[in-house]
Amino acid sequence: MTRPVTVGLDGSPESRAAMYWAAGEALRRSVQLRLVHAGGHPYGDAMVRDAAQELAERHPDLPVTTDVADGPPAELLVAEAGRSELLALGSQGLSGLSGFLLGAVGQMTLARAEGPVVVVRSGQEEADDDRRPVVLGFSLRKGAEEVIAFAVEDARRREARLRVVHAWSYPPTYGYVPAAMDPTCGAEIFAAERHAVQAALLPWRETAPGVEITVEVAAGNAAQPLVDAAAGASLLVVGRCRNRHGGVGPHLGPVAAAVLHHAACPVAVVPH
């Protein structure tokens, strides 16, 4: 049975933006869109029903189902993510600041979900034919195939370029300023990192020959290059290690947290 694209609705402008984005994604994937409201608020039924009616008028060919459920919102949304192709959530802007905020429910959902979760902010509603590049935050760590596959497939569906961004740090054995002391050293490491990324992507170039894949390699923390690349992207894809735990349970890594806070396009967090 084909899994749906699901969106969590709470009545906020951000969740409506996520709904519009998710509708475009469901149409692109030729699957149904599922609207869910978690928490059992009295207005939930009417809100979800009105949202479904609006989508029926906008997209007559899009099958839409709805559900209003009682219970802890984060637990319900985590369960929805596990049985959906992806779960879309809204994110609130921080008034007066340059960043954005995910509430506690969103953070817990992202940290625990077993499926991809896409965070959308107000103003990021998707165009009908958005072929801007898809950006992938790439890691050479083993086990990230699910993240790469998600990004490649999204670029293929959009008929868009996949822009792969990989950041690396000098090994500790090189000390603090190897490139400043020996520029050749820095160039050699840079070339080796690029070669390793290109080699890791080779199978994906073969399985998706219609997708143009470009590679960008930078030294240092990955967050800033990814935020910069997101300015002209349709989607930014980053990974989350399933076995990453903090003092109070699962949590996002620093790169995912940073791009969720600052990226100018929707962000997909894919567990691996």
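Being a predicted model, the structure only gives us computed values, none of them experimental.

Moving on: the packing of helix α8 (residues 223–230) against helix α9 (residues 254–262). Put simply, α8 and α9 touch, their axes get as near as 9 Å, and they point 30° apart. Between α8 and α9 lies a crossing of right-handed hand. Counted together, A223, L226 and V227 of α8 and V255, A258, V259 and H262 of α9 form the full contact between these two elements. The residue makeup of the contact of α8 with α9, split by class, is 6 nonpolar, 1 polar and no charged.

Looking at the chain as a whole, the pLDDT averages 86, with 85% of positions reaching at least 70. Confidence over residues 93–101 falls short of pLDDT 50; this stretch has 17 contacts with residues more than four positions distant or in other chains.

This brings us to the pattern of salt bridges. Two side chains carrying opposite charge are able to pair once their charged atoms lie near each other. Tallied over the full model, the rule gives 14 salt bridges. With a closest N to O distance of 3.7 Å, E25 and R158 form a salt bridge. On the criterion of sequence distance, the pair formed by E25 in helix α1 (residues 13–29) and R158 in helix α5 (residues 145–158) is long-range, its members being 133 residues apart. Judged on exposure class, the residue E25 and its partner R158 are both buried. In this structure, R34 and E80 form a salt bridge, with 2.9 Å as the shortest nitrogen-oxygen distance. Of this pair, R34 sits in strand β2 (residues 33–38) while E80 sits in helix α3 (residues 73–82), and the two are 46 residues apart along the sequence.

Looking at where A208 falls in the secondary structure, it is placed in the loop between α7 (183–207) and β9 (213–219). Once the C-alpha coordinates of A208 and V152 are considered, the two residues, 56 residues apart in sequence, prove to be 7.4 Å apart.

For any two aromatic rings, the description comes down to two numbers: the centre-to-centre distance and the angle of the planes. Tallying each qualifying case throughout the model produces 0 aromatic pairs. A cation sits over an aromatic face here: R58 above Y20, 4.1 Å from the ring centre.

L33, L35, L162 and V237 are the most contacted members of the largest nonpolar core, which has 49 residues in total. No other element matches the 8 residues that α1 contributes to this core. Apart from residues no more than four positions distant in its own chain, V237 is found in contact with V134, V135, L136, G137, V147, F150, A151, A268 and V270. With 26 residues, the next largest nonpolar core counts V36, V119, L252 and V267 among its residues.

Phi at S30 takes a positive value of approximately 60°, unusual for a residue other than glycine. Structurally, S30 can be placed in the loop between α1 and β2. Looking at S30, the relative accessible area reads 67%, which means it is exposed.

What follows concerns the side chain of S12. Within the secondary structure, S12 is located in the loop between β1 (5–8) and α1. Among the polar contacts made by the side chain of S12, one reaches the side chain of D10 at a distance of 2.7 Å.

This brings us to the pairing of β2. Counting buried positions along β2 gives 6 out of 6 residues, so the element sits mostly inside the fold. What you see with β2 is no split at all: L33, L35 and H37 on one side and R34, V36 and A38 on the other are buried throughout. For β1 and β2, the ladder comprises 4 bridges, and the chain directions are parallel. Bridging from a neighbouring strand, T6 pairs with R34 of β2. Following the backbone out of β1, through α1 and into the adjacent parallel β2, one traces a crossover that is right-handed. In this sheet, strand β3 (residues 64–69) lies alongside β2 in parallel orientation, the contact comprising 6 bridges. Bridge pairing in β3 links L35 to T66.

Rules used throughout
Residues numbered from 1 in each chain as written. Predicted model: local features only at pLDDT ≥ 70, side-chain atom pairs only at ≥ 80, totals over all residues. Heavy atoms only, no water. Axes fitted to C-alpha atoms, helices over the stretch in contact; angles between N-to-C directions. Helix = DSSP H or I, 4+ residues; strand = E, 2+ residues; numbered from the N terminus. Left-handed = near helix turned anticlockwise from the far one by under 90°. Contact = heavy atoms within 4.5 Å. Nonpolar A, V, L, I, M, F, W, Y, C, P; charged D, E, K, R; others polar. pLDDT = per-residue confidence, 0-100. Salt bridge = Lys/Arg side-chain N within 4 Å of Asp/Glu carboxyl O. Buried < 20%, exposed > 50% of the residue type's maximum accessible area, 1.4 Å probe, protein only. Phe/Tyr/Trp six-rings, centres within 6.5 Å; stacked < 30°, edge-to-face > 60°. Lys NZ or Arg CZ within 6 Å of the ring centre and 35° of its normal. Core = buried A, V, L, I, M, F, W, Y, C linked by side-chain atoms within 4.5 Å. Polar contact = N/O pair within 3.5 Å; in protein donor to acceptor, adjacent residues only side chain to side chain. Pairing = 2+ DSSP bridges. Right-handed = clockwise from strand over helix to strand, strands pointing away.

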